[in-house]
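Observations on the model geometry
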Amino acid sequence: MKVIDKINKAESEGRLFYSFEYFPPKTPQGVQNLYDRMERMQRFGPEFVDITWGAGGTSADLTTELVATAQSVYGLETMMHLTCTNMPVEKIDAALKAAKDCGCQNILALRGDPPKGQKNWESVENGFSHAVDLVRYIRKQYGDYFCIGVAGYPEGHVDNPDKEDDLRRLKEKIDAGADLIVTQLFFDADVFIHFVERCRAIGITCPILPGIFPIQNYNGLKRVISFSNNEVPQRIWDELEPIKDDDAAVKEYGINLTVEFVQKFRKAGVNGFHIYTFNLERSSRLILERLNLVPPLENVKPLPWNPSLSSKRAKENVRPIFWKNRAKSYIRRTETWDEFPNGRWGDSRSPAFGELDGWGVSLKYPQEECLKMWGEPKKADEIALLFAKYCKGDVAGIPWSAQQLEPETEIIRQRLAAINLLGFLTINSQPAVNGAKSSHKIYGWGPKNGYVFQKAYLEFFVSPDKLDELTAKISKDPQVTYYAVNRQGDLRTNTQSDQPTAVTWGVFPGKEVIQPTIVEPMAFMAWKDEAYELWGEWARIYDRESESAKLILDIMNNWYLINIVHNDFQDENGIWRLFDLEVDQFADQSKHLLNGLVA
């Protein structure tokens, strides 16, 4: 969707709206952390996010990847920066094609800064000299497919001392086909309000979003203003002086100052604002909270997972639960799967089902960090201890989940730790939920005034001996269904049906029952390949002849992956009785086992 359409809708509704800016991190771990942060910040309800572009396309591939992932995986409407710096037409064409191919309909067209080490800006051969040229070119090549944003400079462009001429050049960009203006940062709300008045006076009628930067620390403020020679009112310097060495106090001041600015903009008739996040989260969240802009849950979480904005998946409302912790991999691997007829999961027997692309399977941390987190386990009990520590929040991630457990897992955290210490290595789970309000802060999703349900679900690796013991117990409980498979593909199950089993569903006024997460046998078989490959990736961080590598490869080659559904969602403890631990003994048993293994 085009950002201008979203802005016009927000304006017609008379409500405040906002957006975030991110930049491509320099390291693989930084990229993964940014993905996690973008997913969390998606819940704040921005109208869109934009991703910056390195001079000369130095971050082109990563910018495009961030845009595509934000759209398809995290459900964020995304605007891609595009600059003229060191960009001949061939590179511009490639960038625009990449944006369109990944479903992005929004471009922020900029001249750009001089390349690193170069003092003055110069155009390249067969390139563009000004942002207006880029705007005209995009309109010529793509018509109205893209929403085009351009930059505005409330204090005037650093390279143009004539502010009136600078304003006329801005109007040229709008007349050439730009849809909206996002300003560079500033630190005086009155300067922005006056800038808007001057724009309106010369006939610029499009939306103008103030680009605001929450001050994070004193030295950081000095560094930021050095980029564009921003003026900071003396009032701000005076108020910062007594707290300049206290980063927490400066950050709090920056949050309150930004809230003050937004309230002033609103009084002046400006309803939207753009936050330069610098890839930080906390200040943005607190600003929105203090402005009472944290959106209703139904707007933030229409499904238990964030819907894709890819046109290929626009109507998708069902996913297998197996990829819950590796959403990006799921999206990439299933982009070409058949459509989902009638709003239900498609035929997994399709020839397209399960085709792998070039995305590959990988750990989400650098090798050094993996070694630091996971050590060098030499026996299965040590791996069990590692998984238990992850469940308790003492380890940042495991190969199957690069982030901490979801908030819903809090009520079963001790139980998960306990069964891991017993040798059931969990990689996915959810507790039973019997009719929670759709507005519930932890379990809620979907429209207002509805109720959501979940069956208790566990997915874990288990040794063949323990699997035999477990399936014997399952055979005595008609409420439990399972699928178990080893690396070789030998499938064991107690169900004869190949139909999907809903494990999450919602009931809402005036709607069909929605079942957004399911267990489905063929999807499980496709997922198991990746699940086992991750053992191999883990083993590769060690020497091939080391005890750790041999242990991990032994588990990969011999243990089973199993998922268990307890179908009586009213019995919140039923699934745990399979592990011979009384519910009220989980915490004590976990502590006892943990102490024994550490000793």
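Procedures and definitions
Residues numbered from 1 in each chain as written. Predicted model: local features only at pLDDT ≥ 70, side-chain atom pairs only at ≥ 80, totals over all residues. Heavy atoms only, no water. UniProt positions renumbered as here; feature names shortened; annotations may be inferred. Pairing = 2+ DSSP bridges. Helix = DSSP H or I, 4+ residues; strand = E, 2+ residues; numbered from the N terminus. Buried < 20%, exposed > 50% of the residue type's maximum accessible area, 1.4 Å probe, protein only. Lys, Arg positive; Asp, Glu negative; His and termini not counted. Salt bridge = Lys/Arg side-chain N within 4 Å of Asp/Glu carboxyl O. Contact = heavy atoms within 4.5 Å. Phe/Tyr/Trp six-rings, centres within 6.5 Å; stacked < 30°, edge-to-face > 60°. Lys NZ or Arg CZ within 6 Å of the ring centre and 35° of its normal. Axes fitted to C-alpha atoms, helices over the stretch in contact; angles between N-to-C directions. Core = buried A, V, L, I, M, F, W, Y, C linked by side-chain atoms within 4.5 Å. Domains from an automatic or database assignment. Polar contact = N/O pair within 3.5 Å; in protein donor to acceptor, adjacent residues only side chain to side chain.

Labelled according to an unreviewed UniProt entry, the protein chain appears under the name methylenetetrahydrofolate reductase (NADH), originating from Lichtheimia corymbifera JMRC:FSU:9682. Turning to the protein chain, the UniProt annotation filed under Sequence similarities (unreviewed entry) states: "Belongs to the methylenetetrahydrofolate reductase family." What UniProt states about the protein chain under its Cofactor (unreviewed entry) heading is, verbatim, "FAD".

**Quick word on the sheet that holds strand E10 (residues 319-320)**
The strand order E10-E18-E17-E13-E12 describes an open sheet built from 5 strands, whose pairing is mixed. Edge positions in the open sheet fall to E10 and strand E12 (433-437), since each of these has one partner strand only. Sheet analysis places strand E13 (residues 451-454) next to strand E17 (residues 501-507), joined by 4 bridges and oriented antiparallel. Bridge pairing in E17 links Val452 to Gly506.

**Regarding the pairing of strand E3 (residues 78-83)**
Here E3 lies mainly inside the structure; 6 of its 6 residues are buried. Note: strand E2 (residues 48-51) against E3, 3 bridges, orientation parallel. Counted as the bridge partner of Val49 is Thr78 from E3. Where E3 lies against strand E4 (residues 106-110), 4 bridges are found, and the strand directions are parallel. Looking at the pairing, Met80 lines up with Ile107 of E4.

**A closer look at the side chain of Lys6**
Within the secondary structure, Lys6 is located in helix H1 (residues 3-12). Put simply, Lys6 is tucked away with no salt bridge, and the nearest opposite charge, on Glu47, sits 4.0 Å away. Once residues lying within four places of it in the same chain are set aside, the contact partners of Lys6 are Met1, Glu47 and Glu77.

**Points about the packing of aromatic side chains**
A complete count under the given rule lists 33 aromatic pairs for this structure. Ring centres 5.9 Å apart and planes at 40 degrees place the aromatic pair Tyr35 and Tyr74 in the tilted group. With Tyr35 in helix H2 (residues 28-42) and Tyr74 in the loop between helix H3 (60-72) and E3, this pair connects stretches of sequence that are 39 residues apart. Each member of the pair, Tyr35 as well as Tyr74, is classed as buried. Ring centres of Trp400 and Trp538 lie 6.3 Å apart, and the angle between their planes is 75 degrees; on these two criteria the pair is classed as edge-to-face. In this pair, Trp400 sits in the loop between helix H15 (380-391) and helix H16 (413-421) while Trp538 sits in helix H18 (residues 521-539), placing the two residues 138 residues apart along the sequence. Here a set of aromatic residues connected by ring pairs shows up, and it is made of Trp374, Phe387, Trp400, Phe461, Tyr532, Trp535 and Trp538. Cation over ring: Lys100 sits above Tyr145, and NZ or CZ is 4.8 Å from the ring centre.

**Examining the sheet that holds strand E5 (residues 147-152)**
Within a sheet, each strand pairs with its neighbour through backbone hydrogen bonds, oriented either parallel or antiparallel. On the basis of which strands lie adjacent, the open sheet formed by 9 strands has the order E7-E6-E5-E4-E3-E2-E1-E9-E8 and parallel pairing. The sheet terminates laterally at strand E7 (208-209) and strand E8 (211-212), the two strands that pair on one side only. The pairing of strand E1 (residues 17-22) with strand E9 (residues 272-276) spans 5 bridges and is parallel. Paired with Phe20 across the two strands is Ile275, which belongs to E9. Contacts between helix H5 (residues 131-142) and the sheet are confined to E3, E4 and E5, with E4 contributing the most and set at about 150 degrees to the helix.

**A short note on the nonpolar core**
Grouped together as the largest cluster of nonpolar side chains are 181 residues, with contacts concentrated most on Trp374, Trp400, Phe461, Trp535, Trp538 and Ile564. Counting residues per element, this core draws most heavily on H18, at 10 residues. A domain-level breakdown of this core finds at least three residues from each of domain 1 (3-291) and domain 2 (311-344 + 366-598). Once residues within four sequence positions are removed from consideration, Ile564 is found in contact with Ala456, Tyr457, Leu458, Phe460, Leu470, Ile474, Val480, Thr481, Tyr482, Ile575 and Leu578. Formed by 9 residues, the second largest nonpolar core is a distinct cluster that contains Trp305, Val433, Ala436 and Phe508.

**Things to note about the environment of Thr517**
Note that Thr517 resides in strand E18 (residues 514-519). Thr517 sits in the buried class, given a relative accessible area of 8%. Between the alpha carbons of Thr517 and Trp305 there is a distance of 9.0 Å; along the sequence they are 212 residues apart. Setting aside its immediate chain neighbours within four residues, Thr517 contacts Trp305, Arg319, Thr501, Ala502, Val503 and Thr504. Polar contacts involving the side chain of Thr517 include one to the side chain of Thr504, which spans 2.5 Å.

**A word on unusual backbone geometry**
Phi at Phe278 is positive, roughly 50 degrees, even though this residue is not glycine. Take Phe278: its relative accessible area is 35%, and that puts it in the partly exposed class. With a phi close to 65 degrees, Asn279 is a non-glycine residue in the positive phi region. Along the chain, Asn279 falls in the loop between E9 and helix H11 (282-290). Asn279 sits in the buried class, given a relative accessible area of 10%.

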